[in-house]
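Residue-level listing of the chains:
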Amino acid sequence: MILFRFNILLVFCLIFGATFSQSRKFYDNNDYKKKRHELNFGIGISNCLTDVGGSFTVNPQEDSKTQYDFLKSIYNIDLIKSRPNFNASYIYHFKNRINFKGSLNFANISGDDLLSENAPGRKRRNINFKSNILELSATTEIYLIKPHTGNKFNLKNVKGQKLASKRMSTIGLYIVGGIGGFFFNPKAKINFNYNNDHELNKSFTPSIPKKEWVNLHELHTEGQGSVEFENYMTTNYPDVNFKSFGQDKNGKPKTYSRFAISFPIGLGIQKAFNGDIGIKIEASYRFTTTDYLDDVSGFYADRETLRDIQTILGGDANLAQTMSGTHSGETNNVLLYASDRSPGIAPTDNSGNLIPGADWYQGINDLSGAYGPLAYTIEHTSYEKGYQRGGNESNDSFMFINVSFYKKFSSHGKVYKSIHSKERRRIKASF
């Protein structure tokens, strides 16, 4: 008799458990249909990986070659330059674990070579920038773990305590990826010394105070669009990755676009307070199609080139020369060896011109000196025409860390009816 009752109880538990499991699975897989629409509003911080600041040098042989290398070297981010960002999103719950999201982000990014403690080349370059970014993106969220509140219907007892077990509550985990478009506008303020004792800086005076922020896009700070400069670069430096911009149909020099494409990827966690509201924390990285977030990418142009460009555009030539950093900043002595030259002959550059300021060897039997008889030094600034200004082998990137609050909204009543339509048909068919 006892065994019979136990068997009855066991069968009842199995039937009830299976029914509850199927019911729970049904509701978990279809609950999203009742609340397909969701709004998010959040704040966070933004940062970037560009040619300005960080620990990378401006030597193209030492710079990372791809954005993937930049991503691996994310520890080089200047955290002190993190800036706020704000975002708003609309989410459509397409499937149980798949959401479509449209987002609007407003952020600020910045960088400063003075923070490059491990990159003397960047400190000598001494460039800084900041830029606002306005991004519109379309992404897809894919849940690895769906969040649950443990109390699907928000049922509470008379004391206000939830009736469902807290152990049923889980934190959601999702990945996100997609595409976006954004607008940026780099600005900078003058950090340069312009030592007038140097022969290249004689009688040159910057045209703006050091505390003023200047729009850089229209200044063509790397000689973009100059026929003479672009011909010079392609002729004398055929092996470098030099980008030509050319001229528009009116013959005016062109430069980079302030609109670019972004490719967001990221990871997020979600905590649901109940079936309607909750909080999300999301970290995302943006690959981009531009290398000019900081207005730095290629090579230094000479002052004559910058003057000619601004003459055509009707702009401020002195301002363009000032903000380009041409022939400015700290100088240093570079040690070279005249192993391919005869003693007593001064070293020359690739064009056969005498290298200015060189302390060259004059006696073949003179073995004095710490570095040997064929060593010589030259005062070097790294800012002359054709010298590397930025690492143009990879595009710039930026990233966000956001905390957002969300609110779900009920779908139209017909959606709820469609969820249970089969269930009602089964009931009718059973009679």
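Residues numbered from 1 in each chain as written. Predicted model: local features only at pLDDT ≥ 70, side-chain atom pairs only at ≥ 80, totals over all residues. Heavy atoms only, no water.

## Looking at the pattern of salt bridges
Counted under the stated rule, the structure contains ten salt bridges. Residue Lys-101 pairs with Glu-141 through a salt bridge whose shortest N-O separation is 3.2 Å. Pair noted here: Lys-101 is in strand β3 (residues 98-112) and Glu-141 is in strand β4 (residues 128-145), with a separation of 40 residues, a long-range link. The buried category is assigned to Lys-101, whose relative accessible area is 9%. Relative accessible area serves as the criterion here: at 0%, Glu-141 is assigned to the buried category. Through salt bridges that share partners, Glu-38, Lys-101, Glu-141, Lys-280 and Glu-282 make up one connected network. (Salt bridge = Lys/Arg side-chain N within 4 Å of Asp/Glu carboxyl O. Helix = DSSP H or I, 4+ residues; strand = E, 2+ residues; numbered from the N terminus. Buried < 20%, exposed > 50% of the residue type's maximum accessible area, 1.4 Å probe, protein only.)

## Some words on the pairing of strand β5 (residues 172-188)
Where β4 lies against β5, 15 bridges are found, and the strand directions are antiparallel. Within β5, the position partnered with Glu-135 by the bridge is Phe-182. Examined bridge by bridge, β5 and strand β7 (residues 259-272) share ten bridges and lie antiparallel to one another. Bridged to Leu-173 within β7 is Ile-269. (Pairing = 2+ DSSP bridges.)

## Considerations on helix α5 (residues 303-313)
Inspection of α5 places Arg-303, Thr-305, Leu-306, Ile-309 and Gln-310 among the buried residues, and these make up the whole buried set. The buried residues of α5 occupy an angular sector of 160° when the element is viewed end-on, so they sit on one face. A positive phi of about 75° marks Gly-314, the residue just after α5. (Arc of directions from axis to C-beta.)

## Here's the deal with the packing of α5 against helix α6 (residues 317-324)
Axis angle and axis distance: for two packed helices, these are the angle between their axes and the distance between the axes, and together they describe the pair. Look at α5 against α6: their axes get within 8 Å of each other, and the N-to-C directions meet at 140°. Comparing their axes, α6 and α5 come out oblique. Judged by the sense of rotation from one axis to the other, the crossing of α5 with α6 is right-handed. Across the interface between the two elements, Arg-303, Leu-306, Arg-307 and Gln-310 of α5 pack against Ala-317, Ala-320, Gln-321 and Ser-324 of α6. Its residues assigned to classes, the contact of α5 with α6 comprises three nonpolar, three polar and two charged. (Axes fitted to C-alpha atoms, helices over the stretch in contact; angles between N-to-C directions. Parallel < 35°, antiparallel > 145°, perpendicular 65-115°, else oblique. Left-handed = near helix turned anticlockwise from the far one by under 90°. Contact = heavy atoms within 4.5 Å. Nonpolar A, V, L, I, M, F, W, Y, C, P; charged D, E, K, R; others polar.)

## Some words on the nonpolar core
Core analysis: the largest hydrophobic core is formed by 37 residues, its most contacted members being Ile-109, Phe-182, Phe-184, Leu-219, Met-323 and Phe-398. When contributions to this core are tallied by element, the ones reaching two or more residues are β3, β4, β5, α4 (227-236), α6 and β11 (397-409). (Core = buried A, V, L, I, M, F, W, Y, C linked by side-chain atoms within 4.5 Å.)

## Some details on empty space enclosed by the protein
Enumeration over the complete set of coordinates arrives at five cavities of 30 Å³ or more. By volume, the largest cavity amounts to about 170 Å³. Forming the boundary of the largest cavity are 19 residues, of which Ser-89, Lys-101, Ser-103, Glu-282 and Asn-402 lie nearest the centre. When residues in the lining of the largest cavity are grouped by element, the largest group, four residues, is from strand β8 (residues 277-288). Taken together, the residues of the lining of the largest cavity sort by class into four nonpolar, ten polar and five charged. (1 Å grid on protein atoms, 1.4 Å probe; cavity = no way out; pocket = protein on both sides within 12 Å on 5 of 7 lines; lining within 4 Å. Points joined across faces, edges and corners; volume = space filled by probe spheres on them.)

## Focus on α6
With seven of eight residues buried, α6 lies mostly within the body of the structure. Every buried residue of α6 is accounted for by Ala-317, Leu-319, Ala-320, Gln-321, Thr-322, Met-323 and Ser-324. As for α6, its buried residues are in contact with β5, β6 (214-215) and α5. For α6, the capping residue at the N-terminal end is Asp-316, with a side-chain oxygen 3.1 Å from the backbone nitrogen of Asn-318. Of the residues flanking the end of α6, it is Gly-325, one or two places downstream, whose phi is positive at about 75°. (Polar contact = N/O pair within 3.5 Å; in protein donor to acceptor, adjacent residues only side chain to side chain.)

## Notes on a nonpolar patch on the surface
Taken together, the side chains of Ile-45, Ile-171, Ile-269, Phe-273, Ile-277, Ile-281, Ile-401, Val-403 and Phe-405 present a nonpolar region at the surface, about 760 Å² in accessible area. Looking at the nonpolar patch, the elements with two or more residues in it are β8 and β11. With three residues, β11 is the single largest residue contributor to the nonpolar patch. Its place among the elements puts Ile-401 in strand β11. (Patch = residues over 30% accessible without salt bridge, like charges linked within 9 Å, V, L, I, M, F, W, Y side chains within 5 Å. Areas by Shrake-Rupley, 256 points an atom, 1.4 Å probe, with all protein chains shown as cover.)

## Side note on the confidence of the model for the protein chain
When pLDDT is low, close inspection of the predicted coordinates is not appropriate. Summarising the model, the protein chain shows a mean pLDDT of 78, and 66% of its residues fall at 70 or more. Below pLDDT 50 for its whole length, residues 18-27 participates in six contacts with residues either more than four positions away or in separate chains. Counting contacts from residues 57-65, a segment whose pLDDT is below 50, to residues more than four positions away or on other chains yields 23 contacts. (pLDDT = per-residue confidence, 0-100.)

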